[in-house]
Each structure stands twice: as structure tokens, then as C-alpha cells.
Amino acid sequence: MSTHSTPSRRQLLHGALAAGSLGLTGYPDATFAQELAPTPQCHDGDPPTEPQTEGPFYKPRSPARADLTEPGAKARLVELSGYVLTRSCRPVPRVLVDLWHADEHGDYDNRTFRYRGHILTDAAGRYRFRTIEPALYPGRTRHYHAKVLATGRQLLTTQLYFPDEPMNARDGFFSRELLMRVANSGEAMSARFDFVLDLR
Ligand code: FE
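Engineer: In this structure, what is going on with the side chain of Arg 192? I would like to understand it.
Structural biologist: Mapped onto the elements, Arg 192 comes out in strand E8 (residues 188-192). Under the relative-accessibility criterion, Arg 192 is labelled buried at 1%. In terms of polar contacts, Arg 192 uses its side chain to reach the side chain of Asp 194, at 2.8 Å.

As C-alpha cells, this is what we get:
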């Protein structure tokens, strides 16, 4: 792979994302002005995103919402965004992205839907959540859980990981393929991950 090749389709998509075309609200502009490269680069015919176990805390029928933040939470804010793409790097519009994760104490809310929500990708295959950095819990490094679904069909279940997390080296689930690309700006973090579905 040459870094001097012409821009891939995903790089072009990345440009559109970096241009802030998603119309963010409620966040300091500086946070999302950061350029975050795609994760990983999409080339026609690449393998799909690695699936991982959903774990014991998935709850179906999460609320439709992009903002999972809770009043008074002390954790760092994270804006998680990216694309849902096919293996040939085509954006997948109107597909459901379901996100769930531990809170700032490392606990999952299994009674209600704190830190759980889903959105649909837009016409360009983009998704964007506003949430917090989850705390670690025993045995696991820091992670998000995500599913991509289309009209009741599960297309992908996986987990997303944070770079430079010391526990990554000691978590048997951790996969470098599932690292988000992150940029920090003061109290907030911008994180990027592109899901590649096993679709052409
Ligand atoms: Fe978990």
C-alpha cells in the first residue's frame, strides 16, 4: 500500500466528514475540526470489520438517539463518528447503528437505557454519536459495543477499542483491527471508526 496513491473513495468520504458536513451542535467546534483518518483504509474487496461477541449486556430496542450523555456525568465527552461501508467502500445509507457501553464507573445499565442508543446512517452512510468515555471494568480494557442492523437483520456485532490504553495488551478480546482513531481536545475526544459490512 503506497501512501502516495490517489485518494481512495474512503479518503474522499473522510474529507467530507472532516468538513463538518454533519451539522454538529452542542460541542466546542475545535474538538471536531480535528482531522481523523479513516479506520482502517477501505480498498475494494477488503475484508469486513472483524466481528466480536456482543457480551452479556446487550439490550434490544434501545432508544433512537444520537446523544447518550447524561446530566452531571464526570467522564470525558466523546464524539464517535464514521461511515458504514460495503466491502467495495460504498456507503450504506439508512442502516441502524446500535451503541452500548459501560458508564463512568464501569457499570452497564441493565434496567433502563443509559448509554444505549441507536441511529440510522444518513444518505451518505454516516453515523455520529455523542457520548462519554466508558470506564474500565474488571477483566476488560476500555471499549464500546456496537451492532449494525438492517430491518431486523444483524449485519455486524463488534467492539471498538481506544488506542494507547494499557489494558489493551492484557485483554483477550482486544483487536488492533478494531481500534478507533482518536483526537483529544481538552475535555472532549473525537473518535472515528468506519464499519465495513460483508456486502458488495
Ligand atoms: Fe463490555
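Engineer: Would you take a moment to explain unusual backbone geometry for this structure?
Structural biologist: Excluding glycine, residues mostly have negative phi values, and the peptide bonds linking residues are mostly trans. Phi angles above zero are rare outside glycine, and Arg 61 is one such case at about 60 degrees. Residue placement: Arg 61 occurs in the loop between helix H2 (29-32) and strand E1 (77-85). Judged by relative accessible area, which is 73%, Arg 61 ranks as exposed.

Engineer: For this particular structure, what's the right way to read the coordination of the iron ion?
Structural biologist: For a metal bound by four donors in tetrahedral geometry, the ideal donor-metal-donor angle is 109.5 degrees, whereas six donors in octahedral geometry ideally sit at 90 or 180 degrees. Tyr 108 (OH), Tyr 137 (OH), His 143 (NE2) and His 145 (NE2) make up the full set of protein donors to the iron ion, lying at 1.9 to 2.1 Å. Coordination at the iron ion is irregular: its 4 donor atoms span angles of 93 to 155 degrees at the metal. Motif for the iron ion, donor spacing along one chain: Y-x28-Y-x5-H-x1-H. Tyr 137 gets classed as buried once you look at its relative accessible area, which sits at 17%.

Engineer: Would you take a moment to explain the nonpolar core for this structure?
Structural biologist: Generally speaking, a soluble globular protein has its nonpolar side chains buried in company with each other. In this structure, Leu 80, Val 84, Tyr 127, Tyr 144, Val 148, Met 180 and Phe 195 are the most contacted members of the largest nonpolar core, which totals 30 residues. Contributions of two or more residues to this core are made by E1, strand E2 (96-100), strand E4 (126-132), strand E5 (143-150), strand E6 (153-161) and E8. With 4 residues, E6 is the largest single contributor of residues to this core. Tyr 58, Trp 100, Tyr 108 and Tyr 137 belong to the second-largest nonpolar core, a separate cluster that totals 5 residues.

Engineer: Explain the pattern of salt bridges here, please?
Structural biologist: Side chains that differ in charge, positive against negative, can pair when their charged atoms come close. Counted according to the given criterion, the structure contains 10 salt bridges. Close ionic contact of Asp 198 with Arg 87 constitutes a salt bridge, the shortest N to O distance being 3.4 Å. Of this pair, Asp 198 sits in the segment after strand E9 (195-196) while Arg 87 sits in the loop between E1 and E2, and the two are 111 residues apart along the sequence. For Asp 198, a relative accessible area of 54% translates into the label exposed. With relative accessibility at 22%, the residue Arg 87 sits in the partly exposed group. Between Arg 140 and Asp 171 there is a salt bridge whose closest N-O contact spans 2.7 Å. Remark: Asp 171 occurs in the loop between E6 and strand E7 (181-185) and Arg 140 occurs in the loop between E4 and E5; sequence separation between them is 31 residues.

Engineer: Explain the packing of aromatic side chains here, please?
Structural biologist: For any pair of aromatic rings, the description consists of the separation of the ring centres together with the inter-plane angle of the planes. A complete count under the given rule lists 8 aromatic pairs for this structure. On the numbers, 5.2 Å between centres and 65 degrees between planes, the contact of Phe 193 with Phe 195 is edge-to-face. A connected cluster of aromatic rings, assembled from ring pairs, spans Tyr 127, Phe 129, Phe 193 and Phe 195. Here the basic side chain of Lys 59 rests over the ring of Phe 113, its NZ or CZ set 4.0 Å away from the ring centre. Over the ring of Tyr 58 we find Lys 147; its NZ or CZ atom is 4.6 Å from the centre of that ring.

Conventions adopted
- Residues numbered from 1 in each chain as written.
- Predicted model: local features only at pLDDT ≥ 70, side-chain atom pairs only at ≥ 80, totals over all residues.
- Heavy atoms only, no water.
- Helix = DSSP H or I, 4+ residues; strand = E, 2+ residues; numbered from the N terminus.
- Buried < 20%, exposed > 50% of the residue type's maximum accessible area, 1.4 Å probe, protein only.
- Polar contact = N/O pair within 3.5 Å; in protein donor to acceptor, adjacent residues only side chain to side chain.
- Donors = N, O, S within 2.8 Å, 3.2 Å for Na, K, Ca; no water.
- Tetrahedral: all angles 85-135°; square planar, octahedral: opposite > 155°, others 65-115°.
- Core = buried A, V, L, I, M, F, W, Y, C linked by side-chain atoms within 4.5 Å.
- Salt bridge = Lys/Arg side-chain N within 4 Å of Asp/Glu carboxyl O.
- Phe/Tyr/Trp six-rings, centres within 6.5 Å; stacked < 30°, edge-to-face > 60°.
- Lys NZ or Arg CZ within 6 Å of the ring centre and 35° of its normal.

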